[in-house]
Amino acid sequence: MSYDERNESNKGYQRFKATMHIGMGIFYLLIGASVIYIKYFGAMELPTGFAYVLGSLMLLYGGFRIWRGIMDMKQMKRRDIDRDFPSLGNRGRE
């Protein structure tokens, strides 16, 4: 069994990985929003520019992680449909 076949057959790991992407994305969104929110009210002793850049980067990275988790889940679903219904071909992807 090749490496790719093993990875395709291990759905539990793929689902865990996609869920972890979404969970970590939410975590980064919360931390980024907290950094910006706390700095806005002056409760944090970071330089203003650094706090906003750090918070913005965390928000962007959190959004990316959520997007990647959603795409991984869609890809798993697509593979399941292709495996279970090979006669559909590419019709389900339009």
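Refer to the structure above for everything that follows.
Before going into details, it helps to say that this report is about the structure given with it. Since we're looking at a predicted model, the values are computed, not measured. (Residues numbered from 1 in each chain as written. Predicted model: local features only at pLDDT ≥ 70, side-chain atom pairs only at ≥ 80, totals over all residues. Heavy atoms only, no water.)

The next subject is the overall build of the protein. Summing up its helical and strand segments, the protein has three helices and zero strands in all. Moving toward the C terminus, one meets the helices and strands of the protein in the order α-α-α. Here the protein holds 94 residues, and 16% of them are scored as buried. Counting only contacts in the protein whose residues sit at least 6 apart along the sequence, the fraction spanning at least 24 positions is 65%. (Helix = DSSP H or I, 4+ residues; strand = E, 2+ residues; numbered from the N terminus. Buried < 20%, exposed > 50% of the residue type's maximum accessible area, 1.4 Å probe, protein only. Contact = heavy atoms within 4.5 Å.)

Over its 30 residues, helix 2 (residues 11-40) runs 43 Å from end to end, which matches the ideal 44 Å to within 8%, given 1.5 Å per residue. Of the residues trailing helix 2, G42 is marked for its positive phi of about 75°. (Expected span 1.5 Å × (residues − 1).)

Taking 1.5 Å of rise per residue, the 37 residues of helix 3 (residues 48-84) would be expected to cover 54 Å, and the 54 Å separating its terminal C-alpha atoms lies within 8% of that figure. Taken as a whole, helix 3 has its buried residues at A51, G55, M58, G62, R65, I66, G69 and M76. In this structure, the buried side of helix 3 is in contact with helix 2.

Let us look at the environment of I66. Here I66 shows up in helix 3. Measuring from C-alpha to C-alpha, the distance between I66 and L29 comes to 9.5 Å, with 37 residues separating the pair along the chain. Non-local contacts of I66, meaning those with residues more than four positions away in its chain, are made with H21, I22, G25, I26 and L29.

The subject of this paragraph is the packing of aromatic side chains. Inspection of the entire model under this criterion finds four aromatic pairs. Site record: aromatic cluster; members linked through ring pairs are F27, Y28, Y61, F64 and W67. (Phe/Tyr/Trp six-rings, centres within 6.5 Å; stacked < 30°, edge-to-face > 60°.)

This paragraph deals with a nonpolar patch on the surface. A cluster of nonpolar side chains, namely Y37, I38, Y40, F41 and Y52, defines an oily patch on the protein surface of about 590 Å² accessible area. Looking at the nonpolar patch, the element that brings in the most residues is helix 2, giving three residues. One can find I38 in helix 2. Note on I38: relative accessible area 33%, which makes it partly exposed. (Patch = residues over 30% accessible without salt bridge, like charges linked within 9 Å, V, L, I, M, F, W, Y side chains within 5 Å. Areas by Shrake-Rupley, 256 points an atom, 1.4 Å probe, with all protein chains shown as cover. Salt bridge = Lys/Arg side-chain N within 4 Å of Asp/Glu carboxyl O.)

Time to look at the environment of D72. By the element assignment, D72 lies in helix 3. Once the C-alpha coordinates of D72 and R15 are considered, the two residues, 57 residues apart in sequence, prove to be 8.2 Å apart. For D72, the contacting residues outside a window of four places in its chain are K17, A18 and H21.

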